[in-house]
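# Observations on the model geometry
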Amino acid sequence: MIYLDNNATTRVHEEVAAAMAPYLGEEYGNPSTGYPLGKRSREAIDHARQQVAEMIGALPEEIVFTSCGTESDNAAIASALAAQPGRRHLITSSVEHSAIILFAKALAPELEVTELPVSADGLIDPRELAKAIRPETALVTLMWANNETGIIQPVLEAAQIAHEAGVLFHTDAVNAAGKIPIAVNGGNIDMLSLSGHKFHAPKGVGALYLRRGVPYKPLLSGGGQEDGRRAGTEAVPQIVALGKAAELARHRLAENGAEKLAELRDLLEERLLGAIDGIHRNGTAEYRLPNTSHLSIDNVPAGDLLILTAEKGLCISSGSACSTGKREPSRIMQAMGHSDERALSSIRLSVSSMNNSDEINQAADIIISAVEKIRSLRPQNNGPVIVAE
Ligand code: PLP
């Protein structure tokens, strides 16, 4: 099997699994208890908090552990609204993850949402953000990098614009973390979401960065865990794993990790762009994650391509989602102004530090021959011959 779907999730790093293992075994103490077993769990959490803080240039007390990126995103929005009852307007972009878009939309009509458009390159225009801010704006939330296309938004500039207007700023860094350096210490980012499973920790753990002094109202109430900011007995093994994964990610990035990802991604693109006619890169080539390639291939429905590549043991993704038996074009591609046809022929290839160039070459061979096969079966461009659903 060749796994090139690392924006969907990543394999748990063996050092991460080893770090969490004792907390699935003999170290089962509740961190809120005072005897040594519990105290050791507390110390493990404190250590993980330090490791996560170091990854993003934060202070340990600015990190709140959550269950996932979705919870962090939801909590950031809910808090901004709860802490500022007079403000009922939110600004985001049209390419956010559904953890932002659907949570915000569910609060309508009490909450008014402005979705900033993106260019064909996939980028928001910071001047549009400045124009959209109003006295009643509670929060600007803009993703650091898009999970589908890998496009990196001008987050630091947007955060500065929000702050100059006196508005809180949140960023969903779930798909950026571990792939590019992320630093919050410029002071304009108030909240930032992370999710462990995107950078080699297990699923079911995330974090929310809360800048010191930012007003915060928790999403979950109950016990006083996480300094009253997130109730619920801490998931010690997962938190320990997140800490270790953050430490490994920081070291990887310090040792040219982003450049190494880009080498693999570029090799893959070079092979595909060199061998396939009518293949297009989607979005800006300049501002994008080093691990992500988002491509559309004329006359090759992504659903068909995914079936053939999966048969050869290659794991990749299409931009489209399958709902009620019909393949729907990706809303991200639509937001970038692409036709449904181009959206339905888009694929996402996302590498990690666990891939190597042999796998990349094999993956390229598999994709190239699948494209040839599909095209030979549907020469007139008149709909899929291999039924995707
Ligand atoms: N935000 C982005 C950009 C994502 O890619 C994802 C996961 O796909 C999420 C949020 C949600 O994270 P989780 O799966 O940890 O809830």
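Residues numbered from 1 in each chain as written. Predicted model: local features only at pLDDT ≥ 70, side-chain atom pairs only at ≥ 80, totals over all residues. Heavy atoms only, no water.

Our focus in this paragraph is the site of the ligand. The local shell around the ligand holds 13 residues, among which Thr70, Asp172, Asn175, Ser195 and Lys198 are the closest. His97 places a side-chain nitrogen or oxygen 3.3 Å from an oxygen atom of the ligand. In isolation the ligand exposes 390 Å². Once the protein is present, 87% of that is buried. Per element, the largest residue contribution to the shell around the ligand is 3 residues, and it comes from helix H3 (residues 69–83). Classifying every residue of the shell around the ligand by side-chain character gives 3 nonpolar, 7 polar and 3 charged. (Near = heavy atom within 4 Å. Polar contact = N/O pair within 3.5 Å; in protein donor to acceptor, adjacent residues only side chain to side chain. Areas by Shrake-Rupley, 256 points an atom, 1.4 Å probe, with all protein chains shown as cover. Helix = DSSP H or I, 4+ residues; strand = E, 2+ residues; numbered from the N terminus. Nonpolar A, V, L, I, M, F, W, Y, C, P; charged D, E, K, R; others polar.)

Every second residue of strand S2 (residues 63–66) is oriented toward a common face, with Ile63 and Phe65 on one face and Val64 and Thr66 on the other, all of them buried. Summarising the sheet, S2 and strand S8 (residues 206–210) pair through 4 bridges and their orientation is antiparallel. Residue pairing for S8: Thr66 is matched across the bridge by Gly206. (Buried < 20%, exposed > 50% of the residue type's maximum accessible area, 1.4 Å probe, protein only. Pairing = 2+ DSSP bridges.)

Let us now look at the pairing of strand S10 (residues 292–297). Within S10, 6 of the 6 residues are buried, which leaves the element mostly enclosed by the surrounding structure. Of the two faces of S10, the one carrying Thr292, His294 and Ser296 and the one carrying Ser293, Leu295 and Ile297 are both buried. By the bridge criterion, 3 bridges tie strand S9 (residues 279–281) to S10 in an arrangement that is antiparallel. The partner of Ile279 across the bridge, within S10, is Ile297. Relative to strand S15 (residues 346–350), S10 runs antiparallel, the two being bridged by 5 bridges. Each bridged residue has a counterpart across the sheet, and for Thr292 the counterpart in S15 is Ser350.

Attention shifts here to the pattern of salt bridges. Summed over the entire model, instances satisfying the criterion amount to 18 salt bridges. Of the charged contacts, one joins Glu226 and Arg49 as a salt bridge, the two residues approaching to 2.8 Å between their closest N and O atoms. Here Glu226 is found in helix H7 (residues 225–228), whereas its partner Arg49 is found in helix H2 (residues 36–56), with 177 residues between them in sequence. For the pair Glu226 and Arg49, one class covers both residues: buried. With a closest N to O distance of 3.9 Å, Glu61 and Arg212 form a salt bridge. Taken together, the residues Glu61 in the loop between H2 and S2 and Arg212 in the loop between S8 and H7 connect sequence positions 151 residues apart. Each member of the salt-bridge network shares a partner with another, and the members are Glu112, Arg134 and Glu136. (Salt bridge = Lys/Arg side-chain N within 4 Å of Asp/Glu carboxyl O.)

This next bit is on helix H1 (residues 14–24). For H1, the complete set of buried residues consists of Val16, Met20 and Tyr23. The arc that holds every buried residue of H1, seen down its axis, measures 30°, which confines them to one face. (Arc of directions from axis to C-beta.)

Attention shifts here to the sheet that holds strand S6 (residues 168–172). Taken in spatial order, the 7 strands of this open sheet run S2-S8-S7-S6-S5-S3-S4, and their pairing is mixed. The open sheet has two edge strands, S2 and strand S4 (112–116), and neither has a second partner. Averaged over all pairs of adjacent strands, the angle between strand axes in this sheet comes to 20°, irrespective of strand direction. Summarising the sheet, S6 and strand S7 (residues 191–195) pair through 3 bridges and their orientation is parallel. Along S7, the bridge assignment pairs His170 with Met191. (Axes fitted to C-alpha atoms, helices over the stretch in contact; angles between N-to-C directions.)

Glancing now at the packing of helix H10 (residues 302–311) against helix H13 (residues 357–377). Taken N-terminus to C-terminus, the directions of H10 and H13 make an angle of 125°; their axes are 9 Å apart at the nearest point. Taken together, the axes of H10 and H13 lie oblique to each other. Remark: the crossing between H10 and H13 carries right-handed chirality. Contacts from Asp304, Leu305, Leu308 and Thr309 in H10 reach Ile366, Ile367, Ala370, Val371, Lys373 and Ile374 in H13. Of the residues belonging to the contact of H10 with H13, the class tally is 7 nonpolar, 1 polar and 2 charged. (Parallel < 35°, antiparallel > 145°, perpendicular 65-115°, else oblique. Left-handed = near helix turned anticlockwise from the far one by under 90°. Contact = heavy atoms within 4.5 Å.)

This next bit is on the sheet that holds strand S12 (residues 317–318). Read from one edge to the other, the open sheet built from 4 strands follows the order S9-S10-S15-S12, with strand pairing classed as antiparallel. One side of each edge strand has no neighbouring strand; the edge strands of this open sheet are S9 and S12. Pairing of S12 with S15 involves 2 bridges; the strand directions are antiparallel. Bridging across to S15, Ser317 finds its partner in Arg348. The strands touched by H10 within the sheet are S10, S12 and S15, with S15 carrying the most contacts at an inclination of about 45°.

Here the focus is the domain arrangement of the protein. Where interface size is given, it is often the accessible area lost as the parts come together that is meant. Its domain assignment divides the protein into domain 1 (14–253) and domain 2 (256–377). Using C-alpha coordinates to define each centre, domain 1 is positioned 28 Å away from domain 2. Every contact between the two is made by 27 residues of domain 1 and, on the other side, 26 residues of domain 2. Interface area for domain 1 against domain 2, summed over the two sides, is near 2,000 Å², with a carbon-plus-sulfur share of 60%. Taken as a group, Glu148, Thr149 and Lys179 account for 31% of the area that domain 1 buries against domain 2, more than any other trio of residues on that side. Taken together, the links from domain 1 to domain 2 amount to 0 salt bridges. (Domains from an automatic or database assignment. Buried area = accessible area lost by both parts, 1.4 Å probe.)

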